[in-house]
Amino acid sequence: MTNTPMRRSLGVLDNVVIAASSTAATTSIGIGLGLTAGIVGLHLPIIMLLAIVPVACIAGAYARLNRVEPNAGNTYVWVGRSLNPWLGFLCGWVMTVSMVLFLAYTTTVTGSSILALAGQAGLHNIGGLELTPDSTLQSTLVGLVVLVAAVVTAIVGVDLAAKVQSVLLVFEYVVLLGFCGYGLFVGTQPFSLDWINPFDIPSSSAFVQGIVIAVFCYWGFDSAFSMTEECHDSRTSGRAGAYTLILMLSLFVLASFAFQRVLPLDDMADHGAEGLVYFGNALATSPLTLLPMIALTFSAVASLQSGVLPTVRGMYAMSRDRTLGPVWARVHPRYGTPAAGTLLLGALAVVVCVVALAIPKVPDLIYATVNAIGIVVALYYAATALAAASRFRGLLRGGLRDALGAVILPIIGAIILLTLAVLMCLDYATGTDHYEVAADNGWFILSVPLVMILSGIAVAAWAKWVRRSPYFLRPERGTLVIEEPALPESTLSLSGATE
């Protein structure tokens, strides 16, 4: 394996497929809507609509930054260059650790979905062992088989991965559209304008937690920017990110209305982790009730595979700057992918899966992971938006359109996300008086992002003073005062800078 550039083989559609798989709409709908309904009540449509506002502002920042500096490291590079290299490294680090946690969580969810599907098909035990989808141990063991397959596919090539995911996505969305569209018309729960009234949400803390979980549901669109060095054109990632968000918004709002038309609030809240399956059972009879479970399984498999791809690309970019070890930048001479890093990432996910067995129930594991990662996602999205505002602040002296898109909207998005993250942290910090490894313990949930940040500081110190990474030694950079197009690919430096 060598430190050669990765192969450029992705178009807009390929990148949309990878980003959409990473966002995992079917999994978010199947699990996240019931969880969110238990917090905000019958206000899912307005929560999903409001959550897209800061995410759209952030997406605009990603697209503009990627246009002038396409780089697999995206946030890690942009924040480091425009704000501060320590902050940039921390963003890259927590993004990576969050995705490793996500891979571990998705591995278990995938196994749980497969076991539940087996139960729906009549297979309830093997060799006298009762199959239990709620068991973290059983679900993890089954999911690890899928994780190994996802790692192998990611090594062989992103174009193959995109083809596999496109087949899975088509099936998922056909099932989602069919069941949700049908549910809108035959549902017996009367439509109410309160569903789109944010002022009727039970409490401010419920509103904040609901928005953060909804933002987590949109998390993954930025995978499009992690694949930018394997796209035919530097603008491909921006288009793919925008198309992915539009697609996710449409699916989430449709499903929100459909779920509330079909299921009473108590049923949604009580069946959060099996929301899509319960929804399907309320609308159809066997064998059609198998379709939502198959779609959920496909979504989990696709998101597991797509989670591997952007994470390894981010670590590849960090390795080029010597902030991580050289193994992450080794590109396979035949497949043109960072194969060694992909294998190592899979191994790390396996280790985290084993640690996660401390939470014995899958629904509890989902709740704890979603809340912990949601805080981190809000923070590094906000940092990316502020990096864009800083880098393009010279456009404030130009036209209103450029100033609005490049500076003002990113700042608004950052302020919203930072406010949500702070309020949620305060709620968790004051909501309990002891520490316990439990999904509903606020101190435990806060300890996860805290450990991410502290470990990131330690690794950054090692990179700066031991590895002597040029990432920390770069001279002070000027500010882009105009938005320039990216230079031709042949002129890109090793780090992808185009300034």
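Now for a description of the structure that goes with this document. Since the structure is predicted, the reported quantities are computational estimates derived from the model, not experimental observations.

## Some points on the overall build of the protein
Piece 1. For the protein, the count of helices and strands is 18 helices and 2 strands.
Piece 2. Projected onto the principal axes, the alpha-carbon positions of the protein cover approximately 65 × 50 × 45 Å.
Piece 3. With 24 positive and 28 negative side-chain charges, the protein shows a spacing of 17 Å between the two charge centroids.

## Some remarks on helix α17 (residues 442–465)
Piece 1. Between its terminal C-alpha atoms α17 stretches 35 Å, which fits the 34 Å expected from 24 residues at 1.5 Å a residue.
Piece 2. The opening residue of α17, the one whose side-chain oxygen lies 3.2 Å from the backbone nitrogen of W443, is N441.

## Structural notes on the side chain of Q260
Piece 1. Mapped onto the elements of the fold, Q260 is located in helix α10 (residues 236–262).
Piece 2. Among the residues examined, Q260 registers a relative accessible area of 1% and is labelled buried.

## Focus: the nonpolar core
Piece 1. With 136 residues, the main nonpolar core has Y218, W219, F221, F279, Y380 and Y381 as its most contacted residues.
Piece 2. The element best represented in this core is helix α15 (residues 362–391), accounting for 16 residues.
Piece 3. Each residue touching F279, except ones within four places of it in the same chain, is listed here: F179, C180, A258, F259, V262 and L263.
Piece 4. Counting residues in each nonpolar core, the second largest holds 6 residues, with A356, L365, A368 and A439 among its members.

## What to know about the packing of helix α3 (residues 44–68) against helix α8 (residues 204–218)
Piece 1. At a minimum axis distance of 9 Å, the contact between α3 and α8 shows a crossing angle of 65 degrees. Between α3 and α8, the angle is such that the two are roughly perpendicular. The handedness of the crossing between α3 and α8 comes out as right-handed. Residues I47, M48, L50, A51, I52 and V55 of α3 form the contact with α8, whose own contacting residues are F207, G210, I211, A214, V215, C217 and Y218.

## Focus: the packing of helix α5 (residues 85–120) against helix α13 (residues 290–320)
Pairs of packed helices are described in terms of their axes, by the angle between the two and the distance that separates them.
Piece 1. Here α5 crosses α13 at 160 degrees, and the two axes come no closer than 8 Å. Relative to α13, α5 is oriented roughly antiparallel. Like other packed secondary-structure pairs, α5 and α13 cross with a definite hand, here left-handed.
Piece 2. A breakdown of the residues in the contact of α5 with α13 according to their chemical character gives 19 nonpolar, 11 polar and no charged.

## Thoughts on the pattern of salt bridges
Piece 1. Counting across every chain of the model gives 2 salt bridges.
Piece 2. The salt bridge partner of E69 is R81, with a shortest N-O separation of 3.0 Å. One end of the pair, E69, is in the loop between α3 and α4 (75–82); the other, R81, is in helix α4, with 12 residues separating them in the sequence. Like R81, E69 is buried.
Piece 3. For the salt bridge of E69 with R391, the shortest nitrogen-to-oxygen distance reads 2.6 Å. Of this pair, E69 sits in the loop between α3 and α4 while R391 is found in helix α15, placing the two residues 322 residues apart along the sequence.
Piece 4. Residue E69 is classed as buried on the basis of its relative accessible area, which comes to 0%.
Piece 5. Under the relative-accessibility criterion, R391 is labelled buried at 2%.
Piece 6. Residues joined in a network through salt bridges with shared partners are E69, R81 and R391.

## What about unusual backbone geometry?
Piece 1. Despite not being glycine, A24 shows a phi value in the positive range, around 55 degrees.
Piece 2. As for its position among the elements, A24 is in the loop between α1 (12–23) and α2 (25–40).
Piece 3. Of note, R322 is a non-glycine position whose phi angle comes to about 60 degrees, a positive value.
Piece 4. Assignment of secondary structure puts R322 in the loop between α13 and α14 (339–355).
Piece 5. Exposure remark for R322: the relative accessible area of 42% places this residue in the partly exposed category.

## Details of helix α16 (residues 400–430)
Piece 1. Between its first and last C-alpha, α16 extends 43 Å over 31 residues, near the 45 Å set by a 1.5 Å rise per residue.
Piece 2. The sharpest bend along α16 comes to roughly 35 degrees, located at I408, with the proline P410 sitting one to four residues further on.
Piece 3. All of the buried residues in α16 are A403, G405, A406, V407, P410, G413, A414, L417, L420, A421, M424 and Y428.

## Points about the side chain of T236
Piece 1. Along the chain, the position of T236 falls in helix α10.
Piece 2. By relative accessible area, T236 is classed as buried at 4%.
Piece 3. Among residues more than four places away in sequence, those in contact with T236 are G11, V12, N15 and C231.

Quick notes on the rules
- Residues numbered from 1 in each chain as written.
- Predicted model: local features only at pLDDT ≥ 70, side-chain atom pairs only at ≥ 80, totals over all residues.
- Heavy atoms only, no water.
- Helix = DSSP H or I, 4+ residues; strand = E, 2+ residues; numbered from the N terminus.
- Lys, Arg positive; Asp, Glu negative; His and termini not counted.
- Charge placed at Lys NZ, Arg CZ, Asp CG, Glu CD.
- Expected span 1.5 Å × (residues − 1).
- Polar contact = N/O pair within 3.5 Å; in protein donor to acceptor, adjacent residues only side chain to side chain.
- Buried < 20%, exposed > 50% of the residue type's maximum accessible area, 1.4 Å probe, protein only.
- Core = buried A, V, L, I, M, F, W, Y, C linked by side-chain atoms within 4.5 Å.
- Contact = heavy atoms within 4.5 Å.
- Axes fitted to C-alpha atoms, helices over the stretch in contact; angles between N-to-C directions.
- Parallel < 35°, antiparallel > 145°, perpendicular 65-115°, else oblique.
- Left-handed = near helix turned anticlockwise from the far one by under 90°.
- Nonpolar A, V, L, I, M, F, W, Y, C, P; charged D, E, K, R; others polar.
- Salt bridge = Lys/Arg side-chain N within 4 Å of Asp/Glu carboxyl O.
- Bend = angle between axes of the 7 residues up to and from the residue.

Function cannot be inferred from these measures alone, as they are strictly geometric.
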